[in-house]
Amino acid sequence: MAPRANWKGFLRLSLVTCPVALYPATSESEKISFNQLNRQTGHRIKYLKVDADTGDEVPNEDIVKGYELDKGQYIEVSKEELEEIALESTRTIEIDEFVDKADIDPRYLIRPYYVRPDGKVGHDAFAVIRETIREMDKVAIGRVVLTNREHIVALEAMDKGLVGTLLRYPYEVRSEQEYFDEIQDVKVTKDMLDLAKHIVNQKAGRFEPEKFADHYETALIDLINKKRAGKPITPKERPASTNVVDLMEALRRSVGNEAAPAKAAKPTKKPRKAAAGQKEMLMPIEGKKAKEASAKKPAARSQRRSA
């Protein structure tokens, strides 16, 4: 089932308008997540909203937002007052300008959303805006209100829809100077650069996300499955660190290490995609990807296990 839209409103380019909806393009729900437990009882920890002075629990209807002026002094702001300052971008993404994608500093990128027409009307207007962005090879810049804050959004054409990426404001991006000023000015010799370029050429390829596996996630799955089966947990040996003082020698060794596997490579069967393998490993763990498995057999009663 497709996720619910995070935002619904209108996309407007001058006098061309169409209803659209924004959907999250990424998800963290497939990753392993942990609950906090009481070590003594095994029960889940529950958090309560309490008055900092009295310690009494406060119901949600009695909780308001407040901005701290001085220590212990707050300006209260009600939900109704926040709604009164609602901006045009609360309901409409107005395209303000078109820029080259290369002009957008990657530090400003936050998260992507899929944008598609909302309902059966407006598909023609949506297609005009989408194809204009595609044909001009530009990124459309607008504004949208999400989670009670206005964001800059960069719109790009993708297949039959658009991808809208939220952008940070300049005041949210730290200056690099406070981190880079103390880096020493080092002259890199041509020989070193040639060796480094050779390593890059040996490692050259295309970015294919399917090739990459989340090794930490896989290790978590393995840990949980072992504890579930009552198997002993043994720590893995950490790789030994090599202390190479001579930089040229390190580069030469790197070239040799990268070249060796290429000579020894033999034709093999096409490996399975890493992503598919991870999904299979997830199957034994209930509550994530085991819906099909749990539907076939009754769920076992949960119990605590320790290493």
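Observations regarding the sheet that holds strand β7 (residues 109-117)
Strand order in the open sheet formed by eight strands is β5-β1-β2-β7-β10-β9-β8-β6, and the pairing between neighbours is mixed. Only two strands of the sheet have a single neighbouring strand rather than two, namely β5 (92-94) and β6 (97-99). Sheet twist, expressed as the mean angle between neighbouring strand axes with direction ignored, is 40°. Alignment of strand β1 (residues 7-13) against strand β2 (residues 16-24), held across seven bridges, turns out to be antiparallel. Residue Trp 7 lies in a different strand from β2, and its bridge partner there is Leu 22. Most of the contacts of helix α2 (residues 123-136) go to β2, to which it runs at about 80°, and overall it touches β1, β2, β6, β7, β8 (139-146), β9 (149-158) and β10 (161-167).

Quick word on the environment of Phe 98
Mapped onto the fold, Phe 98 is located in strand β6. Taking the C-alpha atoms as reference points, Phe 98 and Ala 154, separated by 56 residues in sequence, lie 9.1 Å from one another.

Digging into the pattern of salt bridges
In this structure the tally under the stated criterion is 14 salt bridges. A salt bridge links Arg 143 to Asp 96, with the shortest nitrogen-to-oxygen separation between them at 3.9 Å. Of the two residues, Arg 143 sits in strand β8 while Asp 96 sits in the loop between β5 and β6, which places them 47 residues apart along the sequence. One salt bridge in this structure joins Arg 130 and Glu 131, with 2.7 Å as the shortest N-O distance. Accessibility expressed as a relative area gives 14% for Arg 130, which makes it buried. Overlapping salt bridges bring together Asp 96, Arg 143 and Glu 150 as one network.

Here's the deal with the confidence of the model for the protein chain
Segments scoring low in pLDDT should not have their predicted coordinates read at a detailed level. Overall, the prediction assigns the protein chain a mean pLDDT of 83, with 81% of residues at 70 or greater. When pLDDT is averaged over each helix and strand of the protein chain, the minimum, 44, is found for helix α8 (residues 291-296) and the maximum, 98, for β10. In the model, residues 262-283 has pLDDT below 50 throughout and makes 24 contacts with residues more than four positions away in sequence or in other chains. The low-confidence segment residues 286-307, where pLDDT is below 50, has 26 contacts with residues more than four positions distant or belonging to other chains.

Overview of the environment of His 151
Within the element layout of this structure, His 151 appears in strand β9. Separated by 18 residues in sequence, His 151 and Tyr 169 place their C-alpha atoms 7.9 Å apart. Residues contacting His 151, with those up to four places away along its chain left out, are Ile 110, Gly 142, Arg 143, Val 144, Leu 146, Leu 166 and Tyr 169.

Here's the deal with the packing of aromatic side chains
Enumeration according to the criterion identifies two aromatic pairs in this entry. Here Tyr 169 and Tyr 171 contribute two aromatic rings whose centre-to-centre distance is 6.0 Å and whose plane-to-plane angle is 10°, an arrangement assigned as stacked. For Tyr 169, a relative accessible area of 18% puts it in the buried group. The exposure class assigned to Tyr 171 is exposed, which follows from its relative accessible area of 62%.

Here we look at the nonpolar core
Among the nonpolar cores identified, the biggest contains 20 residues, and Leu 11, Ile 93 and Leu 155 are the most heavily contacted of them. Among all residues touching Leu 11, those that are not within four sequence positions of it are Val 16, Thr 17, Cys 18, Val 20, Ile 93, Ile 95, Ile 129, Leu 155 and Leu 162. Ranked by size, the runner-up nonpolar core spans eight residues in total, among them Val 99, Ile 141, Leu 167 and Tyr 169.

Quick look at unusual backbone geometry
With a phi angle near 60°, Ser 14 is a residue other than glycine that sits in the positive phi range. Secondary-structure assignment places Ser 14 in the loop between β1 and β2. Exposure remark for Ser 14: the relative accessible area of 53% places this residue in the exposed category. Although it is not a glycine, Asp 159 adopts a positive phi angle of roughly 55°. Positionally, Asp 159 belongs in the loop between β9 and β10.

As for the pairing of β7
In this structure, β2 lies alongside β7, joined through five bridges in antiparallel fashion. Across the sheet, Leu 22 pairs through a bridge with Val 115, a residue of β7. As paired elements, β7 and β10 share five bridges and run antiparallel to each other. Looking at β10, one finds that Val 115 is bridged to Leu 162.

So, how was this worked out
Residue positions within a chain follow its written sequence, with the count starting from 1. For a predicted model such as this one, the threshold for reporting local features is a pLDDT of at least 70, and the threshold for listing and counting side-chain atom pairs is 80 or more; totals across whole chains, interfaces and linings nevertheless cover every residue. Just so you know, side-chain values use all the structure's heavy atoms and leave hydrogens and water out. Pairing between strands is defined by DSSP: at least two bridges between them are needed. Numbered from the N terminus, helices here are DSSP runs of H or I no shorter than four residues, and strands are runs of E no shorter than two. Helix axes are fitted to C-alpha atoms over the stretch in contact, other axes to C-alpha atoms as well, and angles between N-to-C directions run from 0 to 180 degrees. Only heavy atoms enter the contact rule, under which two residues are in contact if any of them lie within 4.5 Å. In what follows, salt bridge is the name for a side-chain nitrogen of Lys or Arg lying within 4 Å of a carboxyl oxygen of Asp or Glu. The rule is simple: take the accessible area with a 1.4 Å probe, protein chains only, and divide by the maximum for that residue type; under 20% is buried, over 50% is exposed, in between is partly exposed. Confidence per residue, as judged by the predictor, is encoded in pLDDT with a range of 0 to 100. Aromatic pairing here means that ring centres of Phe, Tyr or Trp (its six-membered ring) are within 6.5 Å. Orientation follows from the plane angle: under 30 degrees is stacked, over 60 is edge-to-face, and everything else is tilted. The set of buried Ala, Val, Leu, Ile, Met, Phe, Trp, Tyr and Cys residues whose side-chain atoms join them within 4.5 Å is what this entry labels a nonpolar core.

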